[in-house]
Structures are given as structure tokens and as C-alpha cells.
Amino acid sequence: MDYNSNRKKLPLPEYGRNIQNMVDHVMTIEDRTERNIAAQTIIDIMGNLHPYLRDINDFKHKLWDHLAIMADFKLDIDYPYDPPKPETFQEPPKKVPYSSNKIKFRYYGKTLELMVNEAIQYESGEEKEILITLLANHMKKSYLTWNKDAVDDEKIYKDLEIVSDGKIQRDDLDLTETRDILFRSAPRKKQNTGSNRGPKKHRKND
């Protein structure tokens with residue numbers, strides 16, 4: 001039997017082996033004009049197979065690039081676009097630079113630090129007090145996610161002071177009780193309502 005594992009590896013499997021066979025056949029056509037016509041026919045078929053590509057910029061350009069790849073860059077035709085070069089695909093991927101931003105406390109995250117810095121800019125008043133309280137409660141919840149045992153409010157106050165670079169020093173915020181946070185985050189067990197079973201009937205003694 002003819003298994004796919006014994007066949008030539010497809011450069012672009014998403015087009016299937018039939019399209020690849022067409023490309024291989026076009027490369028055997030000697031007449032250049034006929035070869036150009038056959039190549040355009042394959043492009044039309046490729047576009048019909050993947051209509052979602054029509055929403056991508058340079059839709060036709062991508063199809064012609066794919067044709068060149070499937071032909072191993074050896075198809076001599078009049079490309080409407082400059083075909084890609086093999087060297088382009090031999091370059092190693094560029095390194096992705098790591099963020100140089102240091103996080104004071106990983107379990108609070110960088111977003112919280114940014115929010116605390118925003119809170120510092122608020123003018124003193126009720127709105128600022130509410131925001132700082134919300135942030136402190138979020139810190140407490142985040143800490144308990146990392147450490148399920150417990151956390152003293154003093155720890156949250158101290159961390160808030162560190163995160164704010166000493167600009168927020170509080171010890172009188174209305175923080176949620178630890179047990180309430182743990183209770184809300186704990187998964188609830190499904191209750192067996194016994195809806196499929198009626199009440200047991202006891203036989204009366206004769």
C-alpha cells in the first residue's frame with residue numbers, strides 16, 4: 001500500500017498532496033507560456049481552498065509566495081510579485097528581548113504596581129481613599145492565592161508602602177477578613193438534592 005509516510009514530505013501540508021502534485025507537474029512543462037497559465041490556474045484553486053485568506057492583506061501575494069515554496073523556489077514563471085528567496089527561510093529567528101521591568105512582589109504582579117502609581121497621583125479625598133482600599137484588598141486576595149495559610153494586615157500595609165515607594169503609609173484601611181476571602185475562593189461542593197429519590201417509606205407493623 002502507498003502510505004503518506006512513504007511519500008515526499010509536503011512543504012505546505014495545508015494545501016494537500018493533490019495541489020503539490022499539480023505544482024510538481026507544472027515544473028515539467030517546457031513551454032513557458034503554458035507554464036504561466038498552469039501556475040495561474042493553481043493559484044485560483046489555492047484561493048478557493050482557503051477563502052479565509054482573502055481577509056489578509058496582500059492575499060494574492062501570499063498565494064504566489066506559497067506556490068514558490070511548494071516548487072522549492074525552482075519554478076521558472078513570470079511571477080506578478082518578487083518571489084521569496086530560500087535564504088529568507090534559513091535565517092535563525094530573532095531573539096525576543098525579555099522585559100527589563102523589575103517587579104517588587106511577583107505575587108502582586110506588575111499591573112498592581114502601575115495601579116498603585118496611578119493612585120498616588122490622585123488628589124487627597126474620598127475617591128483616593130476608596131481606590132487605595134480596593135488596591136490593598138486586591139493585594140490581600142493575591143497574597144492569599146499565593147499563600148493559602150494566612151496573612152496579617154500589617155504585611156499588606158508594609159507591602160503597600162514598599163510598592164508605592166513610601167508614598168502610601170497606612171494602617172487603618174477597611175480590609176476584608178482573611179476567612180471571608182478564603183471562603184469565597186474555596187470551591188463549593190455540589191449538593192446532592194436527592195431529586196431522583198423520593199422519601200423512604202416505612203412499613204407499619206401489622
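Before any of the text, the structure's been laid out above.
Notes on the structure follow. Because the structure is a prediction, the values reported are computed rather than measured.

### With respect to helix H2 (residues 32–49)
Logical step 1: For H2, which comprises 18 residues, the first-to-last C-alpha distance of 26 Å matches the rise-based estimate of 26 Å (1.5 Å per residue) to within 8%.
Logical step 2: Of the residues making up H2, those classed as buried are Arg35, Asn36, Ala38, Ala39, Ile42, Ile43, Met46 and Gly47.
Logical step 3: Tucked into the core, H2 has its buried residues touching helix H1 (16–26) and helix H3 (59–70).
Logical step 4: Regarding H2, its N-cap is aspartate 31, as a side-chain oxygen of that residue lies 3.3 Å from the backbone nitrogen of threonine 33 further along.

### Topic: the packing of aromatic side chains
Logical step 1: Using the criterion set out here, one finds seven aromatic pairs in the structure.
Logical step 2: Summarising the aromatic geometry, the rings of tryptophan 64 and tyrosine 79 are spaced 6.0 Å apart at their centres and angled 75° between planes, so their arrangement reads as edge-to-face. With tryptophan 64 in helix H3 and tyrosine 79 in the loop between H3 and helix H4 (109–121), this pair connects stretches of sequence that are 15 residues apart.
Logical step 3: Classification of tyrosine 79 as buried rests on a relative accessible area of 18%.
Logical step 4: Taken together, a centroid distance of 5.3 Å and an interplanar angle of 75° make the contact between tyrosine 143 and tryptophan 146 edge-to-face. With tyrosine 143 and tryptophan 146 both in helix H5 (residues 126–146), this residue pair falls three residues apart, about one helical turn.

### Digging into the pattern of salt bridges
Logical step 1: Following the criterion strictly, the structure yields twelve salt bridges and no others.
Logical step 2: Arginine 32 is paired through a salt bridge with aspartate 78; the nearest N and O atoms lie 2.7 Å apart. With arginine 32 in helix H2 and aspartate 78 in the loop between H3 and H4, this pair connects stretches of sequence that are 46 residues apart.
Logical step 3: With a relative accessible area of 48%, aspartate 78 lands in the partly exposed category.
Logical step 4: One salt bridge connects lysine 104 with aspartate 165, and the closest N-O pair in it is separated by 3.6 Å. Pair noted here: lysine 104 is in the loop between H3 and H4 and aspartate 165 is in the loop between helix H6 (153–163) and helix H7 (178–185), with a separation of 61 residues, a long-range link.

About the thresholds
Residues numbered from 1 in each chain as written. Predicted model: local features only at pLDDT ≥ 70, side-chain atom pairs only at ≥ 80, totals over all residues. Heavy atoms only, no water. Helix = DSSP H or I, 4+ residues; strand = E, 2+ residues; numbered from the N terminus. Expected span 1.5 Å × (residues − 1). Buried < 20%, exposed > 50% of the residue type's maximum accessible area, 1.4 Å probe, protein only. Contact = heavy atoms within 4.5 Å. Polar contact = N/O pair within 3.5 Å; in protein donor to acceptor, adjacent residues only side chain to side chain. Phe/Tyr/Trp six-rings, centres within 6.5 Å; stacked < 30°, edge-to-face > 60°. Salt bridge = Lys/Arg side-chain N within 4 Å of Asp/Glu carboxyl O.

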